[in-house]
Amino acid sequence: MASNQETTAIAEKESKDGATQDFGDNPIEVRETDHYQEEYVHGFVDKWDELIDWDARAQSEGQFFIDMLKARGKKTVLDVACGTGFHSVQLLKAGFDVTSVDGSAEMVTKAFENARKRGLVLKTAHADWRWLNRDIHGKFDAIICLGNSFTHLFKESDRRRALAEFYAALKHDGVLILDQRNYDAILDVGFDSKHKYYYCGDQVTAEPEHMDNSLARFRYTFPDGSVYHLNMFPLRRAYMRNLMKEVGFQKVNTYGDFQETFDDHDPDFLVHIADKT
Ligand code: SAM
């Protein structure tokens, strides 16, 4: 583990390389939807992808998303938060017709490269969820928004707008699969991530540095001592489920760490499966 001095030195070096994040003088005041663009700097994206073991992640998720989609007979999938391409690649390999979108151009490029390395060609597009249907045409059987991505929206109006765009991009019987951290547990009980490696691999430590009702600031520490942060909105489970219903989804089933039954504060991650019919 690097000392604070070493960490600062690494951060300074990366700053010169143009690879650091900028949260200004008071990072916990940064509560803006558009800031996600600046948080996924290439230093973070590259390091993340180098260290996250895709095989291990695939193993811990198992067939969950594939089974959910297959059980509903879905074929065309829009991955709206493709990030570096993990889920898009898994679904492509499983035979789905996948279109991969992200609001960060850096991520879209990385996803395309990652797929190419595995002998696959991804259909990619750069689009922000709030204007999704302006940039993405056609209707899909399913939309996935995974890896705790929706949490980047800070304003309720942005969340409503993004969900309405997802709803409109789905066929009449489409399904939205959206996951999030179990923020209720962190806010009400505290952070105790027994599955902290599910998402991050065993080399990156992800921990909340600041939590209040409208900010979850997470710190990601890498083995070389470098540190990155994400500022996110802590979505409460009931709030999120209700929002999806208000936008028009008829049924919302929530799974805790991929299980149908769970104690409220137990799971680290929640997956909402929202059906239009
Ligand atoms: N799904 C990927 C995974 O699980 O590895 C990536 C998850 S990453 C935590 C969140 C992603 O959401 C980032 O790639 C970010 O650029 C994207 N994102 C955040 N806000 C967005 C928005 N308003 N429109 C489009 N993409 C957005």
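Before reading further, recall that the structure is shown in the block above.
The present account deals with the structure reproduced in this document. Please read these numbers as outputs of a predicted model, since none were measured by experiment. (Residues numbered from 1 in each chain as written. Predicted model: local features only at pLDDT ≥ 70, side-chain atom pairs only at ≥ 80, totals over all residues. Heavy atoms only, no water.)

Let us now look at the overall build of the protein. From N to C terminus, the protein includes 12 helices and 10 strands. Every one of the 277 residues in the protein was classed for burial, and the buried ones make up 55%. The long-range fraction of contacts in the protein, counting pairs at least 24 apart against all pairs at least 6 apart in sequence, stands at 68%. Roughly 12,600 Å² of accessible area belongs to the protein as shown, and the carbon and sulfur atoms make up 46% of that amount. (Helix = DSSP H or I, 4+ residues; strand = E, 2+ residues; numbered from the N terminus. Buried < 20%, exposed > 50% of the residue type's maximum accessible area, 1.4 Å probe, protein only. Contact = heavy atoms within 4.5 Å. Areas by Shrake-Rupley, 256 points an atom, 1.4 Å probe, with all protein chains shown as cover.)

The next thing to look at is the packing of helix α9 (residues 156-168) against helix α12 (residues 237-247). Axis angle and axis distance: for two packed helices, these are the angle between their axes and the distance between the axes, and together they describe the pair. The geometry of α9 relative to α12 is characterised by a closest axis approach of 9 Å and an angle of 50° between their N-to-C directions. On the basis of their axis angle, the class for α9 and α12 is oblique. The chirality of how α9 crosses α12 is right-handed. The residues of α12 that touch α9, namely those facing Glu 156, Arg 159, Arg 160, Leu 163, Ala 164 and Tyr 167, are Tyr 239, Met 240, Leu 243, Met 244, Glu 246 and Val 247. (Axes fitted to C-alpha atoms, helices over the stretch in contact; angles between N-to-C directions. Parallel < 35°, antiparallel > 145°, perpendicular 65-115°, else oblique. Left-handed = near helix turned anticlockwise from the far one by under 90°.)

If you trace the seven strands from one edge of the open sheet to the other, you get β3-β2-β1-β4-β5-β10-β9, paired in mixed fashion. Every interior strand has two partners, whereas the edge strands, β3 (123-126) and β9 (251-256), have only one. Across this sheet, the average inter-strand angle for adjacent strands is 20°, counted without regard to direction. As paired elements, strand β1 (residues 76-79) and strand β2 (residues 97-102) share four bridges and run parallel to each other. Note on β2: the bridge partner recorded for Thr 76 is Asp 97. (Pairing = 2+ DSSP bridges.)

Our next topic: the sheet that holds strand β8 (residues 227-232). The strand order across the open sheet built from three strands is β6-β7-β8, with neighbouring strands paired in antiparallel fashion. Edge strands, defined here as strands with exactly one partner in the open sheet, are β6 (205-212) and β8. Strand-to-strand twist of the sheet, defined as the mean angle between neighbouring strand axes without regard to direction, takes the value 20°. Examined bridge by bridge, strand β7 (residues 215-221) and β8 share six bridges and lie antiparallel to one another. By the bridge assignment, Thr 221 is partnered in β8 with Val 227.

We now examine the layout of surface pockets. Its boundaries defined by the atoms lining it, the second largest pocket holds a volume of some 160 Å³. For the second largest pocket, the lining is made up of 13 residues, of which Ala 185, Gly 190, Asp 192, His 265 and Asp 268 are closest to its centre. Considered class by class, the residues forming the lining of the second largest pocket number five nonpolar, three polar and five charged. (1 Å grid on protein atoms, 1.4 Å probe; cavity = no way out; pocket = protein on both sides within 12 Å on 5 of 7 lines; lining within 4 Å. Points joined across faces, edges and corners; volume = space filled by probe spheres on them. Nonpolar A, V, L, I, M, F, W, Y, C, P; charged D, E, K, R; others polar.)

Taken together, 20 residues sit near the ligand, with Tyr 40, Arg 57, Ala 81, Asp 102 and Leu 146 positioned nearest. A distance of 2.5 Å is found between an oxygen atom of the ligand and a side-chain nitrogen or oxygen belonging to Asp 102. The separation between a nitrogen atom of the ligand and a polar side-chain atom of Asp 128 is 3.3 Å. When the ligand is considered free in solution it has 590 Å² of accessible area, and contact with the protein chains removes 96% of it. In a pocket analysis with a 2 Å cut-off to the grid points, the ligand is assigned to the largest cavity. Residue classes in the shell around the ligand are distributed as 10 nonpolar, seven polar and three charged. (Near = heavy atom within 4 Å. Polar contact = N/O pair within 3.5 Å; in protein donor to acceptor, adjacent residues only side chain to side chain. Sits in = over half its atoms within 2 Å of the grid points.)

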